[in-house]
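The lines below spell out each chain.
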Amino acid sequence: MLALRTVDLRNDFKRVSDIINAGERILIARPKNQNLVVLSERDYNELEKAKRNAEYLEKIDRSARQIEEGRVVVKTMEQLEAMAK
């Protein structure tokens, strides 16, 4: 990760954009430690996918624990079909 000052980003935005699109993440140092990280859309989408996957896996783990604890509801096929109506 590269670190730049806001003025560096402002003065050379095209070059910095090319660096980001090449896969580098940029830390923009700001006063009072209010820093920013700039990354490509591709990297952002990968992070979001990983986050969604982690949330999904947690739901699966929670369901598995509920099954192990016997916290389940059993329905017959007829009951399920009746619920769909």
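A quick note: this is a predicted structure, and the numbers were derived from the prediction, not measured.

Within the protein, the regular secondary structure consists of four helices and three strands. In terms of overall dimensions, the protein is more spread out than a globule: its C-alpha atoms have a radius of gyration of 24 Å, far above the 12 Å expected for 85 residues. Counting only C-alpha atoms, the protein reaches 70 × 30 × 20 Å along its principal axes. Relative to its full complement of 85 residues, the protein shows a buried share of 11%. Expressed as a percentage of contacts within the protein between residues at least 6 apart in sequence, the contacts between residues at least 24 apart total 20%. Carbon and sulfur atoms form 54% of the exposed surface of the protein, whose accessible area is close to 7400 Å². One way to put it: in the protein the 17 positive side-chain charges average out to a point 6 Å from where the 15 negative ones average out.

Turning to unusual backbone geometry, a few remarks are in order. Phi is positive for Lys32, which is not a glycine, with a value near 60°. Following the sequence through the fold, Lys32 ends up in the loop between strand E2 (26-29) and strand E3 (36-38). Non-glycine residue Asn33 carries a positive phi angle of around 60°. Tracing the chain through its elements places Asn33 in the loop between E2 and E3.

A few words on the sheet that holds E3. Strand order in the open sheet formed by three strands is E1-E2-E3, and the pairing between neighbours is mixed. The open sheet has two edge strands with one neighbour each: strand E1 (2-5) and E3. When strand polarity is set aside, the average angle formed by the axes of neighbouring strands in this sheet is 30°. Judged from the three bridges that link them, E2 and E3 form a sheet pairing that is antiparallel. Paired with Ile26 across the strands is Val38, a residue of E3. Of the strands in this sheet, E1, E2 and E3 are in contact with helix H2 (residues 13-21), which crosses E2 at around 140°.

It is worth spelling out the nonpolar core at this point. The tendency in soluble globular proteins is for nonpolar side chains to be buried as a group. Judged by nonpolar contacts, Leu4, Leu9, Val16, Ile20, Ile26 and Ile28 together constitute the single largest core of six residues. If you list the elements that add at least two residues to this core, you get H2 and E2. Leave out the neighbours within four places in its chain, and Val16 touches Leu4, Leu9 and Ile26.

It is worth spelling out the pattern of salt bridges at this point. Taken as a whole, this structure holds six salt bridges when the rule is applied. When the shortest N-O distance is used, the salt bridge between Asp8 and Arg5 registers 3.0 Å. Linking Arg25 and Asp43 is a salt bridge whose minimum nitrogen-to-oxygen distance equals 3.8 Å. On the criterion of sequence distance, the pair formed by Arg25 in the loop between H2 and E2 and Asp43 in helix H3 (residues 41-68) is long-range, its members being 18 residues apart.

Quick notes on the rules
- Residues numbered from 1 in each chain as written.
- Predicted model: local features only at pLDDT ≥ 70, side-chain atom pairs only at ≥ 80, totals over all residues.
- Heavy atoms only, no water.
- Helix = DSSP H or I, 4+ residues; strand = E, 2+ residues; numbered from the N terminus.
- Rg over C-alpha atoms; globule rule 2.2 N^0.38 Å.
- Buried < 20%, exposed > 50% of the residue type's maximum accessible area, 1.4 Å probe, protein only.
- Contact = heavy atoms within 4.5 Å.
- Areas by Shrake-Rupley, 256 points an atom, 1.4 Å probe, with all protein chains shown as cover.
- Lys, Arg positive; Asp, Glu negative; His and termini not counted.
- Charge placed at Lys NZ, Arg CZ, Asp CG, Glu CD.
- Pairing = 2+ DSSP bridges.
- Axes fitted to C-alpha atoms, helices over the stretch in contact; angles between N-to-C directions.
- Core = buried A, V, L, I, M, F, W, Y, C linked by side-chain atoms within 4.5 Å.
- Salt bridge = Lys/Arg side-chain N within 4 Å of Asp/Glu carboxyl O.

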